Amino acid sequence: MQEQADHKLPKYAIIKQELIAAIQSGTLPPGAELPSESDLIRLYKVSRVTARRAIDELYHQGYIEKMQGKRTCVKQVTRQQELTSISSYTEEILRHGMTPSRDVLTAGLRICTKEEAEQLRLPKADPVFHLERIYYADESPLCYTTATLPYRRFPDIDTFDFKENSLYKILESHYHVKITATSLKLKAVSAYDTLAGYLKVARDTPLLHSLGLTFGICDNSEIPIELFTNYYLTSQFEYVLTQTR
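Please read these numbers as outputs of a predicted model, since none were measured by experiment.

Asker: Got a sec to walk through the pattern of salt bridges? Specific residues and values, please.
Answerer: If you walk through the whole model with that rule in mind, you get 11 salt bridges. The shortest N-O distance in the salt bridge between Glu 57 and Lys 16 comes to 3.4 Å. Separated by 41 residues along the polypeptide, Glu 57 in helix H4 (residues 48–60) and Lys 16 in helix H2 (residues 11–25) bring together distant segments of the chain. Residue classification places Glu 57 among the partly exposed positions, given a relative accessible area of 22%. Lys 16 gets classed as buried once you look at its relative accessible area, which sits at 14%. Put simply, Arg 152 and Asp 126 hold a salt bridge, and the shortest N to O gap is 2.7 Å. Here Arg 152, found in the loop between strand S6 (140–150) and helix H7 (167–173), pairs with Asp 126, found in the loop between helix H6 (114–120) and strand S5 (127–137); they are 26 residues apart in sequence, far enough to count as distant. Among the residues examined, Asp 126 registers a relative accessible area of 10% and is labelled buried. In this structure, a network of salt bridges that share partners links the residues Lys 16, Arg 53 and Glu 57.

Asker: Now, about the nonpolar core: what can you tell me, with residues and values included?
Answerer: The biggest cluster of nonpolar side chains holds 19 residues, and the ones touching the most others in it are Ile 15, Leu 19, Leu 28, Leu 34, Leu 58, Ile 64 and Val 74. Secondary structure elements with two or more residues in this core: H2 and H4. Looking at which element gives the most residues to this core, the answer is H2, with 7 residues. If sequence neighbours within four positions are ignored, Leu 58 has contacts with Lys 16, Leu 19, Ile 20, Leu 34, Tyr 63 and Ile 64. Counting 18 residues, the second largest nonpolar core, distinct from the first, contains Phe 129, Ala 147, Ile 157 and Ile 170.

Asker: Hey, could you go over unusual backbone geometry for me, with residue numbers and the actual values?
Answerer: In this structure, Asp 138 takes a positive phi of about 50° despite not being glycine. By the element assignment, Asp 138 lies in the loop between S5 and S6. Asp 138 sits in the partly exposed class, given a relative accessible area of 41%. We note that Glu 139 has phi near 70°; this positive angle belongs to a residue other than glycine.

Asker: Tell me about H4, residues and numbers included.
Answerer: Here H4 is 13 residues long and its end C-alpha atoms lie 18 Å apart, about the 18 Å a rise of 1.5 Å per residue gives. Of the surrounding elements, those touching the buried residues of H4 are H2, helix H3 (37–44), strand S1 (64–66), strand S2 (72–74) and strand S8 (206–218). After H4 finishes, the residue Gly 62 shows a positive phi value of roughly 85°.

Asker: Describe the side chain of Glu 116, with residues and values.
Answerer: Structurally, the position occupied by Glu 116 is in helix H6. Of the residues examined, Glu 116 reaches a relative accessible area of 8% and is grouped as buried. Those residues in contact with Glu 116, other than ones at most four positions away along the chain, are Arg 110, Ile 111, Arg 121, Val 128, Thr 148 and Leu 227.

Asker: Tell me what's going on with the sheet that holds strand S7 (residues 178–190), and back it up with residues and numbers.
Answerer: Strands sit in the order S4-S5-S6-S9-S8-S7 across an open sheet of 6 strands; the sheet is antiparallel. Both edges of this open sheet fall to strand S4 (100–111) and S7, since each of them pairs with a single strand only. The mean angle between the axes of side-by-side strands here comes to 15°, regardless of whether they run parallel or antiparallel. The sheet contact formed by S4 and S5 spans 11 bridges and is antiparallel. Across the sheet, residue Gly 108 finds its bridge partner in S5, namely His 130.

Asker: Just give me the short version of the packing of H2 against H4, but keep the residues and values in it.
Answerer: Packed helices, taken two at a time, are described by the angle between their axes plus the distance between the axes. Axis separation between H2 and H4 bottoms out at 8 Å; the angle between their running directions is 45°. As judged from the angle between their axes, H2 and H4 are oblique. Crossing geometry of H2 relative to H4 is assigned as right-handed. Of the residues in H4, those touching H2 at Lys 11, Tyr 12, Ile 15, Lys 16, Leu 19 and Ile 20 are Thr 50, Arg 53, Ala 54, Glu 57 and Leu 58. Split by residue class, the contact of H2 with H4 holds 6 nonpolar, 1 polar and 4 charged.

The rules behind these values
- For every chain, the first residue of the written sequence is number 1, and numbering continues from 1 along that sequence.
- With pLDDT at 70 or above as the cut-off, local features in this predicted model cover only qualifying residues; side-chain atom pairs require 80 or more to be listed or tallied, and sums for whole chains, interfaces and linings still use all residues.
- In computing side-chain properties, one takes all heavy atoms of the structure into account and sets aside hydrogens as well as water.
- Any carboxyl oxygen of Asp or Glu within 4 Å of a side-chain nitrogen of Lys or Arg constitutes a salt bridge here.
- What counts as a helix is a DSSP run of H or I of at least four residues, what counts as a strand is a run of E of at least two, and both are numbered from the N terminus.
- With a 1.4 Å probe rolled over the protein chains alone, any residue whose accessible area is under 20% of its type maximum counts as buried; one over 50% counts as exposed, and the rest are partly exposed.
- Here, nonpolar core refers to any group of buried Ala, Val, Leu, Ile, Met, Phe, Trp, Tyr and Cys residues whose side-chain atoms link them within 4.5 Å.
- Here, residues are in contact when the closest pair of their heavy atoms is within 4.5 Å.
- For a helix, the expected span equals 1.5 Å multiplied by the residue count minus one.
- Two strands qualify as a pair provided DSSP detects at least 2 bridges between them.
- Working convention: axes come from line fits to C-alpha atoms, limited for helices to the stretch in contact. Angles between N-to-C directions cover 0 to 180 degrees.
- Reported orientations rely on four angle classes, namely roughly parallel under 35 degrees, roughly antiparallel over 145, roughly perpendicular from 65 to 115, and oblique for the rest.
- Note: crossing handedness is left-handed where the near helix turns anticlockwise from the far helix by less than a right angle, and right-handed where it turns clockwise.
- Residues are sorted three ways: Asp, Glu, Lys and Arg are charged, Ala, Val, Leu, Ile, Met, Phe, Trp, Tyr, Cys and Pro are nonpolar, and all the rest, Gly among them, are polar.

Here it is as structure tokens:
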């Protein structure tokens, strides 16, 4: 009966079902490359349009991911990360038993923008420290992030090596700041060309974008201390927000 039912399905759906079965059984484990469109055309005797649709369906249903410079691969098992507490990227990665590392793209001083002055409560044309990094978990890209901090609050912060050091650890241990809260905006976006290159994924890969403002206690007052943006890959982590009523 199942065989008869399968024959009534479109060919792309039959291919999709068989690939899902292979993924769920472990025949195609996480990270394994899927058969190429040419392989599917030859194996199932279908058109390129049909083979491509089967792959696209798997992609949109979250079974596979498209990696830059590679074939399409089975999606890695994701780890859940709660959004109810503040933690550094390093702490997140270590909590999941993975090894963190960083690349620093830019790090230096510049004059604040109008938005930065408003958000960080700075005088016009005040200097800020701007940091741009890529974080890795077990050598795989996890997120692209920028951080902007008021230089008047953190003098000489530009002398630290942020390839080797966690930003939050430096703020807490060297500047004795108690990080208290984060105001966060989240939305789904697609990777554009430069960002796709940084994260080593295909263009238009879905990402989780966050824009945030971090607060901390400085000189016995709670003030904004960091304006940041993040672009997270969702292939390794899923982000969970717990709400109560």
